[in-house]
Structures are given as C-alpha cells and as structure tokens.
Amino acid sequence: MRAVRQAAAVIGERVRGVLPNRRILTSMGRSPRSDLIAGLTVAIVALPLALGFGISSGAGAEAGLVTAVVAGAIAAVFGGSNLQVTGPTGAMTVVLVPIVHQYGIHGVMTVGLLAGALLVLLSLARAGRAMAYVPVPVVEGFTLGIAAVIGLQQVPAALGVTSPSGDNPAVVAAKAVGDFAAHPHGTAIAVAAGVVLVMLLGTRLRPGVPFSLVAVVLATVVCWAGGVDAATIGHLPAGIPAPSTSFFQAGHVPALLPSALAVAVLAALESLMSASAADAMNVSERHDSDRELFGQGLANLAVPLFGGVAATGAIARTAVNVRTGAVSRLAALVHAGVLAVIVFAAAPLVAGIPLAALAGVLIATAIRMVEVGSLRALARSGRGEGLVMLLTAAATLAFNLVTAVVAGLLLAGLLALRQVARAARLEQVPLHADLPPADHHEEERALLDEHIVAYRIDGPLLFAAAHRFLLELTETSEVKVVILRMSRVSAIDASGARVLGDAIGRLERRGALVLLSGIRPEHQRPLDALGTLNALRAQGRVFPSTPQAIAYAHAHLHGSGVLPDPPHGAPLEAAH
C-alpha cells in the first residue's frame with residue numbers, strides 16, 4: 001500500500017510539473033499588441049500550408065485547417081514553449097499517406113489518438129531530454145528526404161492529372177508524368193510554376209511579406225478571371241468535417257500501434273526541434289521539453305474528435321512567429337482563432353483555391369526546407385556525417401521516415417563506435433619519470449628498462465576497441481614484467497574487462513609478471529563483476545600508483561636473481 005501511495009505521489013508530481021502554471025498563464029498579458037500582430041501574420045502564412053498539408057496527407061484540406069485550429073490552440077496553452085506554433089506539417093504527411101491508403105481516414109484519426117496518448121506518457125516519463133541525442137546528420141538527412149517527398153507528392157496536382165495509386169512518392173510522380181505525357185496541357189503547370197516563382201523571388205526580396213498567401217490569392221483570381229476549367233487545375237471541396245466520436249477503430253489498434261509509435265516519435269522529435277529553434281532565435285526563452293510533449297499529446301488526443309490529423313510543432317510557422325515579434329503564447333492562440341474564423345466564415349472562398357496553386361506552395365516550401373549551405377558544411381565536416389545524411393534521406397524517400405531515422409541512427413552509432421575504437425590507445429612509456437632518484441643506479445636503471453615494460457592505456461576500453469587492444473598488448477616482446485597503467489582509461493565495459501583479463505592471461509602464460517596501477521574507483525564494477533583482477537589482487541599485484549608497481553617489480557627482479565643485489569648501503573626503499 002505504501003508503494004502504491006508513493007507511485008501515486010510521483011505521478012501526481014509529474015502531472016503538476018507539465019500542467020500550465022500561473023506564471024505561464026499570466027505571461028500572455030505582457031505585450032498583447034505584439035502577440036496580436038504576430039498571431040495574425042502567422043495565420044496568413046499558415047492558411048495555405050494547412051490546406052496543402054491536409055491534402056497531401058490524404059485527409060483533405062478541411063482536415064488540415066481543423067488540425068491547425070484545434071492543435072494550435074491546445075498546444076499553445078499546454079505546451080512547453082511560449083513561442084511554438086503547432087499544426088499539420090510536411091514531415092507528418094509523409095507518415096500519414098500510407099496509413100490513409102491502407103486504413104482510410106478513420107485509421108489516420110485512430111493513429112492520431114494513440115499517438116497523443118503515447119506522447120502524454122512520454123512526457124510523464126520525462127523522455128523529452130532524450131530527443132536531444134539525435135545526431136545532426138540524421139536530422140539534416142530526414143529534412144532533406146522530407147523535402148524530396150513533399151515535392152514529389154505535388155507532381156500530380158502541379159501537372160493537373162489525377163493522382164495515380166501507389167505508396168512510394170517517386171513511383172507515383174513517375175506515373176503522373178506518364179499520364180501527363182499522354183494528354184499534355186500547360187494550365188496547371190503554369191499556375192504551380194507561377195506560385196513557386198512568386199514565393200521564392202518574393203521571399204528573397206521582401207522576407208517579411210507572406211508571399212505564400214499572396215501567390216495563392218493571385219493564382220485564384222487569375223484562374224477565376226480567365227475562366228480556367230476547374231478540371232484542369234482542380235479545386236478544394238467545400239465544407240468542413242463535422243466533429244466525430246465514431247471514428248475509433250478498436251479492431252485495428254494492434255495493427256496501427258507501430259504507425260502510432262512512428263507518429264508519436266516524429267511529433268516529439270519535430271516539436272522539440274522547433275522549440276529549440278525558437279529558443280535559438282530568442283535568447284530570453286527556454287522551452288520545457290517534457291511540458292512540450294504533454295501539450296502535443298493533448299493536442300493530438302483532441303484533434304481526431306474534430307476530424308483532424310496528427311500535428312506537431314511547425315518550424316516554419318514558429319520562425320515567423322518569433323521574427324514578427326511574438327512575446328507569449330497569446331500569439332499562437334490568435335493564429336488558431338484567425339484560422340477558426342476562416343474555417344467557419346470563409347469556407348466557400350477557400351474552396352475556390354486551385355489545387356495547382358497549393359501544389360506550388362508546397363513545392364516552394366520543400367525547396368526552402370533544403371539549406372544548401374548547411375548541407376555543404378556537413379558534407380565537408382567528414383565523409384561519415386555525409387554518408388549518414390545521404391542514407392537517412394534516401395531511406396526517407398524509399399521507405400518511410402521511421403525506417404530512415406532508425407537507419408541513420410544505426411549508421412551514426414557504428415561510426416561513433418569506430419571513432420571510440422580509434423580514440424583508445426595503447427602506448428609504451430619509459431620508466432624514468434616514475435623511478436626514484438638514485439644517481440649511482442644508472443646501470444641498474446638500464447637493466448630495469450631491459451626487463452620491465454610499462455604501457456599506458458588512454459581513452460575508453462570498450463567493446464569497440466577491445467579486440468585491437470588485445471592484439472597490440474599481446475605483441476609485447478619477451479620481458480619479465482609488464483606494468484599496465486590504467487589511470488587514463490576514461491571508461492570500461494564488460495567486453496573491455498574481459499579482454500583485459502584475456503590479455504593478462506596470455507602475458508602470464510608467456511612468463512611475464514603483470515602488474516596494474518591507477519585503476520579508478522568507477523571502473524571497479526565491471527572488473528569485479530567478471531573477476532578480472534581477483535587473482536592479481538590476491539597476489540598483491542594491483543597498485544594505486546605506478547611508482548609502487550615499479551618498486552614491486554624491482555624487488556621481484558632482485559628476488560628472482562635477474563638483477564644483482566643492491567650495493568651495500570643503498571636505500572632499500574628503492575627496491576620495494
């Protein structure tokens with residue numbers, strides 16, 4: 001019973017730790033004017049992106065808008081960043097598309113609900129800090145892969161053809177090009193290309209203007225005024241989905257759990273990266289990673305009830321929020337409120353937007369996601385980092401985002417182990433620095449150098465470096481005593497402890513007396529667990545310092561007759 005009360009107390013404390021407190025809520029009134037302007041600006045930027053990502057996910061433009069409204073509001077209140085803006089993102093659409101194809105829109109909503117529950121559990125388990133350990137090449141690689149997938153997903157709409165069946169975006173894009181070649185027409189391409197040019201050139205000239213919305217409005221007006229046939233450019237369906245509580249597919253939960261885990265991991269990773277980016281742009285802000293996971297979890301629990309899809313923190317919209325002067329969470333709430341007004345009051349106008357125009361918005365967004373300078377710098381930093389980045393990007397394009405991240409992490413881990421193995425060194429060191437001063441023992445010192453060899457082990461003695469360590473150490477020439485200096489070993493695991501024991505055994509079978517010195521207290525556990533040094537300790541051959549080991553070796557060589565007895569009157573301390 002006591003254990004239950006303690007567990008309940010811990011859970012209660014963690015829940016209180018992720019709920020918004022009075023300081024967070026009162027901060028929304030610090031600068032309402034700045035937050036209102038920033039929120040309105042972000043809403044203008046977010047509108048075409050929400051529509052486009054909703055379509056790309058397969059759930060529809062309305063689902064994208066609803067997601068931006070509901071998730072944007074809930075995450076703004078309960079999240080861990082004062083400046084984060086949440087909504088549908090390109091990375092998430094990449095994961096959702098195959099779920100739509102296999103299970104339909106209800107499957108996507110079930111996955112969103114499960115992912116929300118997982119995110120809440122991750123926040124209570126304080127897993128937010130773990131996301132910081134994802135290597136930069138993996139992040140850059142899946143960003144590059146996501147950009148490629150988003151761009152390829154827009155090819156059918158940009159060409160004005162019906163999207164072919166298939167899961168792989170490259171294959172679908174190739175089929176769309178074939179369909180277009182059979183019945184070519186230039187209207188949709190002109191609309192999409194015009195939007196891309198307006199966004200890319202306009203952003204370069206006037207970065208503060210929301211050219212995505214400007215381009216979409218211009219394209220829509222031109223198409224209306226020109227009487228362009230809707231069949232050649234496509235249009236959004238009118239209306240918004242009604243709130244629903246009957247979507248949950250309990251029978252598919254076991255099959256959907258892997259997808260839910262993938263969505264939860266992606267939502268956590270992208271949201272925390274976005275929050276970190278916001279911190280970097282505003283030195284006075286620091287997000288709470290566990291509270292951010294909690295807010296994203298609640299948002300994803302609520303969104304499916306309104307017909308939306310899984311959401312994450314959105315890096316592009318968060319950056320706009322910060323750069324336009326947002327001070328508190330009020331800006332993200334304003335963004336959600338403005339989008340809600342558009343959803344309910346301007347749905348017919350939104351329905352008239354050409355699909356080709358939204359395809360152009362997403363193609364331009366994908367292009368802007370690729371930071372060429374950052375990729376070049378990463379490639380120049382080492383072939384290993386470049387390989388991790390390319391593998392992650394290729395796996396994102398060929399398989400899915402979760403497979404890509406796992407593959408990137410595995411390769412990054414292998415390369416890191418290789419670096420660890422190279423960092424461990426075995427170096428023979430002279431005895432002179434550790435011998436006691438005795439000017440009349442020069443000949444004896446020469447004899448000691450002839451019969452005693454000392455090795456210093458530097459760096460981590462882990463499984464990645466253990467085999468090489470064994471080979472180097474057992475190549476020692478024939479000597480009477482081998483001293484292993486362990487004071488510079490930074491880490492040792494079970495494999496390293498076992499290899500150390502094997503090396504000691506081989507040296508002793510060749511007739512060498514093995515002595516160890518300078519073992520750190522924190523390294524005792526793996527050595528004791530495997531009994532590596534039991535025999536040496538029993539015989540008194542493990543020493544705190546190297547001079548003590550040399551003194552023991554000195555006495556041993558005298559006792560065995562290898563060295564002559566010390567001259568009469570010489571200090572005995574030098575030989576013990």
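Placed above this text is the structure.
Residues numbered from 1 in each chain as written. Predicted model: local features only at pLDDT ≥ 70, side-chain atom pairs only at ≥ 80, totals over all residues. Heavy atoms only, no water.

Undergrad: Tell me about the environment of A275, and please be specific about residues and values.
TA: Among the secondary structure elements, A275 is positioned in helix α12 (residues 253-281). When the C-alpha atoms of A275 and R286 are compared, they prove to be 8.4 Å apart, with 11 residues separating the residues in sequence. Filtering out sequence-adjacent residues up to four positions away, A275 remains in contact with S81, Q84 and H287. (Helix = DSSP H or I, 4+ residues; strand = E, 2+ residues; numbered from the N terminus. Contact = heavy atoms within 4.5 Å.)

Undergrad: Lay out the nonpolar core in plain terms, naming residues and giving numbers.
TA: In this structure, L51, L65, L96, V263 and L339 are the most contacted members of the largest nonpolar core, which totals 76 residues. Discounting residues that sit within four places of it in the chain, L65 has contacts with L47, A50, L51, L339, V343 and V350. I457, V479, V489 and L507 belong to the second-largest nonpolar core, a separate cluster that totals 24 residues. (Core = buried A, V, L, I, M, F, W, Y, C linked by side-chain atoms within 4.5 Å. Buried < 20%, exposed > 50% of the residue type's maximum accessible area, 1.4 Å probe, protein only.)

Undergrad: Residue-level account of the packing of helix α4 (residues 61-78) against helix α13 (residues 289-302), with values.
TA: Here α4 crosses α13 at 150°, and the two axes come no closer than 8 Å. For the element pair α4 / α13, the angle class is roughly antiparallel. By crossing handedness, the relation of α4 to α13 is classed as right-handed. Listed contacts from α13 to V70, A71, I74, A75 and F78 of α4 are R291, F294, G295, Q296, L298, A299 and A302. Here the residues of the contact of α4 with α13 are counted per class, giving 9 nonpolar, 2 polar and 1 charged. (Axes fitted to C-alpha atoms, helices over the stretch in contact; angles between N-to-C directions. Parallel < 35°, antiparallel > 145°, perpendicular 65-115°, else oblique. Left-handed = near helix turned anticlockwise from the far one by under 90°. Nonpolar A, V, L, I, M, F, W, Y, C, P; charged D, E, K, R; others polar.)

Undergrad: Give a description of the environment of G531 that names residues and reports values.
TA: Tracing the backbone through its elements, the reader meets G531 in the loop between α24 (524-529) and α25 (534-538). In this structure, the C-alpha to C-alpha distance between G531 and G501, residues 30 residues apart in sequence, is 8.4 Å.

Undergrad: Describe the packing of helix α3 (residues 32-57) against helix α15 (residues 330-345), naming the residues involved and giving the relevant values.
TA: Remark: α3 packs on α15, axes separated minimally by 7 Å, with the N-to-C direction vectors making an angle of 45°. Considering the angle they form, α3 stands oblique to α15. Like other packed secondary-structure pairs, α3 and α15 cross with a definite hand, here right-handed. Between α3 and α15, the contacting residues are P32, D35, L36, A38, G39, L40, V42, A43, A46 and L47 on the first element and L330, A331, V334, H335, V338, L339 and I342 on the second.

From the geometry alone we can't say anything about function, so treat these as descriptive.
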